[in-house]
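# Examining the three-dimensional arrangement
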Amino acid sequence: MARARLPGIPRAGGWIIRHLAAGVLGFVLGAATLCTLAFFQKSAVGADPYLARGYIVPFSFGGCSGFLVGLFFSLSRMRLLNLLEVERQETRRARDQASDQEILANIVKRVIGAGDLRAVLQGALETLLQRHGRALHPKGSIYLVDRRTGLLTMTAEVDMPPALLKSCASLRPGECLCGRAALGETVIHVAHVDHRHDISYAGMEPHGHYCAPIRAGDVVLGVLNLYVADGHDTSGEEDLFISSVADLLSTAILRKRNEEELRLNQTIIDHTTDFLSVVDRDYAYRFVSPAYLDAFGKGKDEIVGRTGREVLGQAYFETVSRPNLERGLAGETVVDQSWIDTPVRGRRFMKTRYEPVIGSDGSVSDVVVVAHDLTEQKLADDELRRHREHLEALVAERTRELEDQARRLEISLKREQDHSTMQQQFISLVSHEFRTPLSIIDGAAQRLLRRKEVLSPDEVETRVGKVRHAVRRMVGLIDATLYAAREDEHKIAIEAAPCALGPLLADICDRQLEAAPHHDIHVDIQALPPSIVADANLLDLTFTNILSNAVKYSPQASRIDVKGWTDGDFAVVAVTDRGIGIPASDMARLFQRFYRAATAKGIPGTGLGLSVCKNFVDMHGGEITAASTEGQGTTITVRLPVAGAFPPPREAPRR
């Protein structure tokens, strides 16, 4: 209870004034008492009581004595009151501590008692709020952190307002006071609801809070949320008590979660078909699973404490188990696959994992051995492998047959495609290339008919010459097409015989000059050998085609050189024109059938000539090449073996 003090007197000097006042009061009472005694004494002896000098000594002595006695009693009273206050505070503190210890003890009983985690937390919260000795309101809640979402979920509550049961059922870390407490390491105390209290509802009464984080090391497990009276001031003892409760709740959470995990692990061990065991450094079993016991047809006491040599047999232990256990005891994780004979389940194929148990000091005390039965999978894999190998052999054999058929079909298809292409191109050729000479023949014939009466012999000769030229052109086209078709059918046979190549070339040049009198053909073939072994007809067609191309792709009055010489065992003939030439990009495809260079656009032709020439030269075992510069001319060179070198005849295509 607060003590009263005089107005205007400082608190620091109030106790001095009180003690002086007590001394003055004692002084007055002492002096009055002695003076009264002195008065009665003098009255009895007849003295004059009013003589002042007769009371000076008693008054002084009595006043001083009274002052000292009053001051002594005032100081004694203050000391006594202080002692009583200290005793009262100590008594209250002891009572509060006893109450706190009782509450903590009851919470400990809840923690170690039966029930799931939610029931334990609910009981601990009720115990705390029902038997508190502090200014706690009988309501509060406990939040747990959801390990999947990270949100704070209300798990236990006492007398929480219905409005908060919904809005505060789940909180994010950092939200409201409870969420802020989850991010900190110390108890949060607020005497009044302030801006940090994010959640409110209509009719909410003023109050304060204790929000204590429930932590296990650096991991936040939850938050303890308690209500206090509005304006309640905190103290170190209360903070310590709330922290102690939070620590007990942390222990409860970890204990119950560990119990749940142990129950789950035990359930898994009891129902797993894997062989689980723990082996110590002496290779003795410390634990075996029910599946292990069932497979070996033994009880737990018959295996636990015995060594692997006794249980598994000398041979298997020394060759398989012991080497892997040694590696495990050295701190290495080992995975092994092997067959093992079991008394009950017979021969089994096991995939075994040896996992070291490492202590806090880094040493390995035991090895956990987990053996998974892969027998059915192993047998199925072996059977599947045998089937796969057999199937692969069948597939390989059938693939070879199909590849042979595919190659034959591909060859046949290629030939059919070539024939189809040739037919299409031949039709195009007939519709285009034959049209021009036919038009020339038809036009010349019509003029001859109309003017037959007036034509002079020279005019008739000119008209007939055009007709003959057109006919030769058509015959050349037909011959090239027929030779290409015969070559595809492999029906061209070489009739090899001694051939005078020089006279043959001279005759070809004479015929070409007759057909193209406006060109200047220079012939230099004296260096050719007198004779070579060849088919004269095929060579006639070859060089006629090459020379006609030189004329066709050269402007009138230009020079064409035909040169022949001997190069070792070969006769070489080169035909050079000064014509339009061939682009470099077209040279690689020059000898392909029906291919024409870009510079040949607008000039009649089928693209068969050089292709036929190459085939004829190849049939003689020779070589044909081309060199050209666009706009400057082309040189076609043919090399033929003098003695003849004919490749073997090709097989005729199958029909």
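Residues numbered from 1 in each chain as written. Predicted model: local features only at pLDDT ≥ 70, side-chain atom pairs only at ≥ 80, totals over all residues. Heavy atoms only, no water.

## Let's talk about the overall build of the chain
Check the secondary structure of the chain and you find 16 helices and 18 strands. Here the chain, with 655 residues, has 37% of them falling under the buried criterion. Residue pairs in contact within the chain that sit at least 24 positions apart in sequence constitute 59% of those at least 6 positions apart. Total accessible area computed for the chain in this model is approximately 38100 Å², and 57% of it derives from carbon and sulfur atoms. (Helix = DSSP H or I, 4+ residues; strand = E, 2+ residues; numbered from the N terminus. Buried < 20%, exposed > 50% of the residue type's maximum accessible area, 1.4 Å probe, protein only. Contact = heavy atoms within 4.5 Å. Areas by Shrake-Rupley, 256 points an atom, 1.4 Å probe, with all protein chains shown as cover.)

## As for the sheet that holds strand S3 (residues 170-171)
The strands that make up a sheet are held in pairs by hydrogen bonds between backbone atoms, and each pair lies either parallel or antiparallel. Here we have 6 strands laid out as an open sheet, ordered S3-S2-S1-S6-S5-S4, and antiparallel in their pairing. Across the chains shown, the open sheet's two edge strands, defined by having one partner strand only, are S3 and strand S4 (188-190). Strand contacts of helix H3 (residues 117-130): strand S1 (136-145), strand S2 (152-158) and strand S6 (219-228), with the helix running at about 50° to S2, the strand carrying the most contacts. Strands in contact with helix H6 (residues 236-271) are S1, strand S5 (208-216) and S6; relative to S5, the strand with the most contacts, it is inclined by about 40°. (Pairing = 2+ DSSP bridges. Axes fitted to C-alpha atoms, helices over the stretch in contact; angles between N-to-C directions.)

## So, the side chain of Thr-637
Counting through the fold element by element, Thr-637 comes out in strand S18 (residues 633-641). Relative accessible area serves as the criterion here: at 18%, Thr-637 is assigned to the buried category. If we skip the residues at most four places from it in the chain, Thr-637 touches Val-572, Val-573, Ala-574, Glu-623, Ile-624 and Thr-625.

## As for the packing of aromatic side chains
Following the criterion strictly, the structure yields 5 aromatic pairs and no others. With a centroid separation of 5.0 Å and 15° between ring planes, the pair formed by Tyr-292 and Phe-296 is classed as stacked. Highlighted residues: Tyr-292 and Phe-296, both in helix H7 (residues 290-296), separated by 4 residues, approximately one helical turn. When sorted by exposure, Tyr-292 lands in the same class as Phe-296, which is buried. (Phe/Tyr/Trp six-rings, centres within 6.5 Å; stacked < 30°, edge-to-face > 60°.)

## Structural notes on the pairing of strand S10 (residues 346-358)
When strand S9 (residues 334-342) meets S10, the two strands line up antiparallel, connected through 9 bridges. Paired with Gln-337 across the two strands is Lys-351, which belongs to S10. Counted between consecutive antiparallel strands, the loop separating S9 from S10 contains 3 residues. The turn joining S10 and strand S11 (residues 364-373), which pair antiparallel and follow one another in sequence, is formed by 5 residues; a positive phi near 90° is taken by Gly-362.

## With respect to the nonpolar core
Buried together is how nonpolar side chains tend to be arranged in soluble globular proteins. Core analysis: the biggest nonpolar cluster contains 33 residues, and Leu-501, Ile-532, Leu-539, Phe-543, Ile-546, Val-562 and Ile-624 have the highest contact counts within it. When residues of this core are assigned to their parent elements, the largest contribution, 6 residues, is made by helix H15 (residues 536-552). Residue contacts for Ile-624: discarding those within four places in its chain leaves Ile-546, Phe-591, Cys-613, Lys-614, Val-617, Ile-636, Thr-637 and Val-638. Among the nonpolar cores identified, the runner-up in size contains 28 residues, and Ala-124, Leu-144, Ala-212 and Leu-248 belong to it. (Core = buried A, V, L, I, M, F, W, Y, C linked by side-chain atoms within 4.5 Å.)

## Thoughts on unusual backbone geometry
The phi torsion at Asp-159 lies on the positive side, around 55°, for a residue other than glycine. Following the sequence through the fold, Asp-159 ends up in the loop between S2 and helix H4 (162-167). Taking relative accessible area as the criterion, Asp-159 reaches 55% and is therefore assigned exposed. With a phi close to 65°, Tyr-283 is a non-glycine residue in the positive phi region. In this structure, Tyr-283 sits in the loop between strand S7 (275-280) and strand S8 (285-288).

## Comments concerning the pattern of salt bridges
According to the stated counting rule, one finds 24 salt bridges in the structure shown. For Glu-355, the salt bridge identified is with Arg-353, shortest N-O distance 3.0 Å. Arg-639 is the salt-bridge partner of Asp-567, the closest N and O atoms lying 2.9 Å from each other. With a gap of 72 residues between them, Asp-567 in strand S15 (residues 559-567) and Arg-639 in strand S18 connect regions that are remote in the sequence. (Salt bridge = Lys/Arg side-chain N within 4 Å of Asp/Glu carboxyl O.)

## As for H15
For H15, with 17 residues, the first-to-last C-alpha span of 24 Å sits near the 24 Å given by 1.5 Å per residue. Among the residues of H15, Leu-538, Leu-539, Asp-540, Thr-542, Phe-543, Asn-545, Ile-546, Leu-547, Asn-549, Ala-550 and Val-551 are the ones counted as buried. One side-chain oxygen of the residue at the start of H15 lies 3.1 Å from the amide nitrogen of Asn-537, identifying that residue as Asp-535. (Expected span 1.5 Å × (residues − 1). Polar contact = N/O pair within 3.5 Å; in protein donor to acceptor, adjacent residues only side chain to side chain.)

## Describing the environment of Val-572
Note on placement: Val-572 falls in strand S16 (residues 570-576). Given the relative accessible area of 2%, Val-572 is considered buried. Along the chain, Val-572 and Pro-529 lie 43 residues apart, while their C-alpha atoms are 9.6 Å from each other. With sequence-adjacent residues up to four places away left out, Val-572 is seen in contact with Leu-528, Lys-563, Gly-564, Trp-565, Asp-567, Thr-637, Val-638 and Arg-639.

## Some points on empty space enclosed by the protein
The rolling of a water-molecule-sized probe over the atoms marks out the regions of remaining empty space. In total, this model carries 3 cavities of 30 Å³ or more according to the counting rule given. In this model, the largest cavity occupies a volume close to 200 Å³. Around the largest cavity, the lining is made up of 18 residues, and of these Tyr-292, Leu-312, Thr-352, Tyr-354 and Val-369 lie nearest the centre. Contributions of two or more residues to the lining of the largest cavity are made by S7, H7, helix H9 (308-312), helix H10 (314-329), S10 and S11. Sort the elements by how many residues they give to the lining of the largest cavity and H10 lands first, with 4 residues. A class-by-class count of the residues in the lining of the largest cavity yields 14 nonpolar, 4 polar and no charged. Put simply, the second largest cavity is a space of about 100 Å³. (1 Å grid on protein atoms, 1.4 Å probe; cavity = no way out; pocket = protein on both sides within 12 Å on 5 of 7 lines; lining within 4 Å. Points joined across faces, edges and corners; volume = space filled by probe spheres on them. Nonpolar A, V, L, I, M, F, W, Y, C, P; charged D, E, K, R; others polar.)

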